[in-house]
Amino acid sequence: MDETARLGDPRPPAAASARAGGAHWGVFAVLCLAYFVTTTGEQMLSPLFPTVADDLGLSVTQGGIAFAVMTGSIAVTNLLGGAGLRRFAPVTLVRFAATAGLAGSVVNALAHSYATLLAGQALLGVAAGLFFPAGLQGVGLAAGPAKRGFAMGIYGVAFSLGLTAAAALGAIGAGVGWRTPFWIAAALFLAAALTTVWSDFGPRDTSGGGPIPWRHVLSLPTYVGIVLAVLQYGAIPFLTIYAVERWGITAAAAATVLIVGRLISIVAKVIGGASADRIGAKASARRTAVLLAATGLAWVLLPGNIATYAIAAIFAGTVSSLGPIANILAVERFGQNGMALGMYRSLQIALGAAASAVVGVAAGIVGLRPTLAVAALVPLALIWICRDGAEDAAL
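Since the model is a prediction, treat every value here as computed from it, not as a measurement.

**Q** What is the right way to look at the overall build of the protein in this model?
**A** Check the secondary structure of the protein and you find 18 helices and zero strands. Across the 395 residues in the protein, those meeting the buried criterion constitute 58%. Total accessible area on the protein stands at roughly 14,000 Å², and carbon and sulfur atoms take up 70% of it.

**Q** Which parts of the structure should I look at to understand the environment of Gly-296?
**A** On the secondary structure map, Gly-296 appears in helix 13 (residues 281-301). Note on Gly-296: relative accessible area 0%, which makes it buried. The spatial distance from the C-alpha of Gly-296 to the C-alpha of Ala-312 is 7.1 Å, given a sequence separation of 16 residues. Sequence-distant contacts of Gly-296, defined by excluding residues within four places in its chain, comprise Phe-315 and Ala-376.

**Q** Whenever I open this one, the side chain of Arg-179 confuses me. Can you help?
**A** Mapped onto the fold, Arg-179 is located in helix 8 (residues 179-195). Within polar-contact distance, the side chain of Arg-179 engages the backbone oxygen of Ala-109 at 2.9 Å. Here Arg-179 is in contact with Asp-55, Leu-56, Asn-108, Ala-109, Leu-110, Ala-111 and His-112, once residues within four sequence places are set aside.

**Q** In this structure, what is going on with the confidence of the model for the protein? I would like to understand it.
**A** It should be kept in mind that the predicted coordinates are not to be read in detail where pLDDT is low. Averaged over every residue, the pLDDT of the protein is 82; residues scoring 70 or more account for 82%. Considering each helix and strand of the protein separately, the mean pLDDT is smallest for helix 1 (residues 13-18), with a value of 41, and largest for helix 14 (residues 306-318), with 95. Below a pLDDT of 50 lies the segment residues 1-21, which in the model reaches 75 contacts outside its immediate sequence neighbourhood of four places, other chains included.

**Q** Which parts of the structure should I look at to understand the packing of helix 13 against helix 14?
**A** When two helices pack together, you describe them by how their axes are tilted relative to each other and by the distance separating the axes. For the pair helix 13 and helix 14, interaxial distance at closest approach is 9 Å and the crossing angle is 145 degrees. When the axes of helix 13 and helix 14 are compared, the crossing they make is left-handed. Residues Thr-288, Leu-291, Leu-292, Thr-295, Gly-296, Ala-298 and Trp-299 of helix 13 form the contact with helix 14, whose participating residues are Thr-308, Ile-311, Ala-312, Ile-314, Phe-315 and Thr-318.

**Q** Would you mind going over the pattern of salt bridges with me for this structure?
**A** Note that side chains of opposite charge can pair when their charged atoms are close. Applying the stated criterion across every chain, the model contains one salt bridge. Asp-55 serves as the salt-bridge partner of Arg-179, at 3.5 Å between the closest nitrogen and oxygen. Taken together, the residues span a long stretch of sequence, with Arg-179 in helix 8 and Asp-55 in helix 3 (residues 45-56) at a distance of 124 residues. For Asp-55, a relative accessible area of 45% translates into the label partly exposed.

**Q** Help me understand the packing of aromatic side chains in this model?
**A** Within a pair of aromatic rings, the relevant descriptors are the distance that separates the centres and the angle that separates the planes. Inspection of every chain in the model, using the stated rule, returns 13 aromatic pairs. For the pair Phe-88 and Phe-96, a centre-to-centre distance of 5.5 Å together with 80 degrees between the ring planes defines the contact as edge-to-face. Residue class for Phe-88 comes out partly exposed when judged on its relative accessible area of 31%. Ring geometry for Trp-299 against Phe-315: centres 5.9 Å apart, planes inclined by 50 degrees, an arrangement best described as tilted. Of this pair, Trp-299 sits in helix 13 while Phe-315 sits in helix 14, and the two are 16 residues apart along the sequence. The burial state of Trp-299 is the same as that of Phe-315; both residues are buried. Aromatic ring contacts, followed pair by pair, group Tyr-242, Trp-247, Trp-299, Tyr-309 and Phe-315 into a single cluster.

**Q** Hey, could you run me through a nonpolar patch on the surface in this one?
**A** On the surface, a cluster of nonpolar side chains totalling about 470 Å² of accessible area is made up of Leu-190, Leu-194, Val-197 and Trp-198. Following the sequence through the fold, Trp-198 ends up in the loop between helix 8 and helix 9 (214-217). Residue classification places Trp-198 among the exposed residues on the basis of a relative accessible area of 71%.

**Q** For this particular structure, what's the right way to read the packing of helix 3 against helix 8?
**A** It is at 10 Å that the axes of helix 3 and helix 8 come closest, and there the two elements cross at 135 degrees. With respect to helix 8, the axis of helix 3 lies oblique. Along its contact with helix 3, which presents Leu-45, Leu-48, Asp-55 and Leu-56, the element helix 8 presents Arg-179, Pro-181 and Phe-182. Of the residues contributing to the contact of helix 3 with helix 8, the split by class is five nonpolar, no polar and two charged.

**Q** Where do I start with the nonpolar core in this structure?
**A** With 77 residues, the main nonpolar core has Val-224, Trp-299 and Leu-372 as its most contacted residues. With sequence-adjacent residues up to four places away left out, Leu-372 is seen in contact with Ala-235, Phe-238, Tyr-242, Trp-299, Val-300 and Val-359. Listed in part, the 28 residues of the second largest apolar core include Phe-28, Leu-93, Leu-130 and Phe-159.

Reading the values: the criteria
Residues numbered from 1 in each chain as written. Predicted model: local features only at pLDDT ≥ 70, side-chain atom pairs only at ≥ 80, totals over all residues. Heavy atoms only, no water. Helix = DSSP H or I, 4+ residues; strand = E, 2+ residues; numbered from the N terminus. Buried < 20%, exposed > 50% of the residue type's maximum accessible area, 1.4 Å probe, protein only. Areas by Shrake-Rupley, 256 points an atom, 1.4 Å probe, with all protein chains shown as cover. Contact = heavy atoms within 4.5 Å. Polar contact = N/O pair within 3.5 Å; in protein donor to acceptor, adjacent residues only side chain to side chain. pLDDT = per-residue confidence, 0-100. Axes fitted to C-alpha atoms, helices over the stretch in contact; angles between N-to-C directions. Left-handed = near helix turned anticlockwise from the far one by under 90°. Salt bridge = Lys/Arg side-chain N within 4 Å of Asp/Glu carboxyl O. Phe/Tyr/Trp six-rings, centres within 6.5 Å; stacked < 30°, edge-to-face > 60°. Patch = residues over 30% accessible without salt bridge, like charges linked within 9 Å, V, L, I, M, F, W, Y side chains within 5 Å. Parallel < 35°, antiparallel > 145°, perpendicular 65-115°, else oblique. Nonpolar A, V, L, I, M, F, W, Y, C, P; charged D, E, K, R; others polar. Core = buried A, V, L, I, M, F, W, Y, C linked by side-chain atoms within 4.5 Å.

Right, here's the structure in full:
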């Protein structure tokens, strides 16, 4: 799951005063570690799926459902996590999230049936959903207003490093067995939970909060975020299984392609944000859409070779650059309303979950190649959505 969906001013009034004295970088480091671990667990199944599918006898359609269960769980618990901040302190929710992630990793490591794997995926989704609202609020409090932009940038790098770690563990799992990476993830979740013992992220939110401005939530920022979610959860999870089946490379080699893509995503986020500052968010979105459609069609349609692998990695990395663009648009419209930001992200994740299921089912009917080719065309919608002079009409 991407950090860019929840920027803005996350401080509740009561908690803000508690951190007015300045930055607390120890707390910030704990939150970055927790974000890294949560992202690693959330994304673990994607690079491991070719090996998992062979061991458990799963189809591509079942893989799509497994990805959808996890993303759907995130969508629901994002809302619960946001609401929970009014009852619990942020550190409490982070501990709940780490506990759910530990449980989900252990369940997946012990899974010998598809149903058990789905249960583990659901728990990993709970971990991600509970963590993100508390984590973002904690980052805002820990960094203080003077350093919040810098802190959010580093926080985003923690997310990208989590993606990279998941891909790297996927490559390891192809050699030593797919259960080992999930045991490693369980250990990481335990470590993240233990670090919160000495951390104070601030008090719970005692503010009542304002109503959700639906007219603004259901507008341009959500459109861009939906395209990001469709690609992040509906296309990229199938890259490794496509590489194994279509290009005939090993699962470890396919995971390596994804690793490179995750590393590219770190740079892509910086470039995406800088581009939006320089030429505007809408223009940046249009340029990114063209690049994504071109690279997406290329890696799906071209034969497997070094150049195609490189293009696939660029596509996987460039998807992340839509995150800062969607964030800038969201902050301009409803950045001061925490519930609006939570709903904005939940809508994206819910549609990402639907995209995972649709791609899996469609691949089972017409094949993975034509299904991914259609998915690669989705970014072109941004050329119309983000046209100059367009009004941000509600959905």
